[in-house]
Amino acid sequence: MGLPAELRPVELLPGLIHYPGYLDGPARCRLAADLAARLADAPPYRPRMPRTGRPFSVTMSNCGALGWVSDRSGYRYQAHHPETGKPWPAIPDLALRAWDDLSGYPALPEACLVNLYDADARMGLHQDRDEAALDAPVLSLSLGASALFRYGGPNRSNPTRSVRLHAGDALIMGGAARLIHHGIDRILPPAPDLLDSAEPGPGFLPQDGRCNLTLRRVTRPGDAPTA
Ligand code: SIN
Ligand code: FE2
């Protein structure tokens with residue numbers, strides 16, 4: 001898919017590129033329907049922090065050959081759902097197309113982490129660094145409620161800024177921004193003028209909830225025959 005001419009990327013930092021409104025309304029509905037079917041097969045579950053076992057405030061699932069999981073024994077990628085033991089479902093076509101459009105990476109993504117936020121959920125500042133292919137960017141796609149995304153630098157003590165991510169937005173974290181700290185401060189309540197908007201929320205989300213997909217290349221191309 002060629003990029004629509006009206007798409008205006010914003011470089012928030014070198015390598016951190018925001019594409020507001022990358023998915024239009026029909027594309028968001030299609031992606032949401034695809035995800036609803038996949039989540040019926042790979043139900044969202046509540047991960048726990050390594051060592052402490054403290055529950056995350058988001059629930060998670062994955063699509064792809066590999067899924068990112070966290071439990072008392074640590075963070076890792078694995079090929080099966082931790083509760084059902086089944087392989088993860090395939091990455092939705094629209095997400096693969098977004099990777100093709102925006103990643104600039106010559107190999108397919110292997111993992112698509114699905115984070116589901118209810119109105120009170122958040123995600124603390126962290127780096128995505130469990131992937132061997134750190135030359136590949138991480139691509140994020142957002143659906144549902146808007147969120148305040150916080151981003152800093154490679155060191156936790158670097159100054160941070162925030163940007164609002166809305167339904168349909170894409171964000172690339174690559175190059176010099178591949179290892180920046182980032183997180184979600186909070187989910188934003190619906191804007192008053194959107195309260196009676198016609199767009200149905202994705203059916204698998206709680207009221208005023210948000211869904212974020214992050215696509216990752218995990219193994220270095222050539223190291224493993226996963227894609
Ligand atoms: C993440 O960093 O895994 C999720 C970011 C987001 O929800 O936008
Ligand atoms: Fe992340």
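Anyway, here's the lowdown on the structure attached to this text. (Residues numbered from 1 in each chain as written. Chains lettered and ligands numbered in written order. Predicted model: local features only at pLDDT ≥ 70, side-chain atom pairs only at ≥ 80, totals over all residues. Heavy atoms only, no water.)

1. Considering the site of ligand 1
Defined as follows: A molecule or strand has a residue near it when one of that residue's heavy atoms lies within 4 Å. Counted as a polar contact is a pair of N or O atoms within 3.5 Å, where, for protein atoms, one must be capable of donating a hydrogen and the other of accepting one, and residues adjacent in sequence contribute only when both atoms are in side chains. Surface accessibility follows the Shrake-Rupley procedure with a 1.4 Å probe radius. Residue values consider only the protein chains on display as shielding. Each helix is a run of DSSP H or I of at least 4 residues and each strand a run of E of at least 2, with the numbering of both proceeding from the N terminus.
Around ligand 1 lies a shell formed by Asn115, Tyr117, Met123, His126, Phe149, His182, Ile184, Arg210, Asn212 and Arg216. In this structure, an oxygen atom belonging to ligand 1 sits 2.5 Å away from a side-chain N or O atom of Tyr117. With respect to ligand 1, the side chain of His126 contributes an N or O atom lying 3.1 Å from an oxygen atom. Burial of ligand 1 by the protein amounts to 97% of the accessible area it has alone, namely 260 Å². Listing elements by their share of the shell around ligand 1, those giving two or more residues are strand 6 (111-117), strand 7 (123-126), strand 12 (182-187) and strand 13 (210-216).

2. Topic: the packing of aromatic side chains
Just so we agree on the cut-off: Each Phe, Tyr or Trp ring (for Trp, its six-membered ring) is paired with any other whose centre lies within 6.5 Å, and the angle between the two planes then decides the class: stacked below 30 degrees, edge-to-face above 60, tilted in between. Relative accessibility under 20% of the residue-type maximum defines a buried residue, over 50% an exposed one, and the middle range a partly exposed one, all with a 1.4 Å probe and only protein chains included. Charge over a ring is defined by NZ of Lys or CZ of Arg lying within 6 Å of the ring centre and within 35 degrees of the ring normal.
Within the structure shown, the criterion is met by four aromatic pairs. Ring geometry for Trp99 versus Tyr105: centroids 6.3 Å apart, planes at 75 degrees, classification edge-to-face. In terms of burial, Trp99 and Tyr105 fall into one category: buried. Judged by centre distance (6.3 Å) and plane angle (25 degrees), the rings of Phe149 and Tyr151 are stacked. Comparing Phe149 with Tyr151 shows no difference in burial state: the two are buried. Linked through ring pairs, Phe56, Trp68 and Tyr75 together constitute an aromatic cluster. One residue, Arg210, lies across the ring of Tyr117, its end atom 5.1 Å from the ring centre.

3. Comments concerning the coordination of the iron ion (ligand 2)
Inclusion rule: The rule for donors is simple: an N, O or S atom within 2.8 Å of the metal counts, and for Na, K and Ca the reach is 3.2 Å. Water is not among the atoms, so a site may look short of donors. The geometry test gives tetrahedral to four donors whose angles all lie between 85 and 135 degrees, gives square planar to four donors and octahedral to six donors whose opposite members are over 155 degrees apart with all other angles between 65 and 115, and gives irregular to the rest.
Around the iron ion (ligand 2), the protein supplies His126 (NE2), Asp128 (OD) and His182 (NE2) as donor atoms, at distances of 2.1 to 2.3 Å. Seen from the iron ion (ligand 2), its four donor atoms lie at angles of 90 to 172 degrees, and the figure they make is irregular. All donors of the iron ion (ligand 2) come from a single chain, and their spacing in sequence reads H-x1-D-x53-H. We classify His126 as partly exposed; its relative accessible area is 23%.

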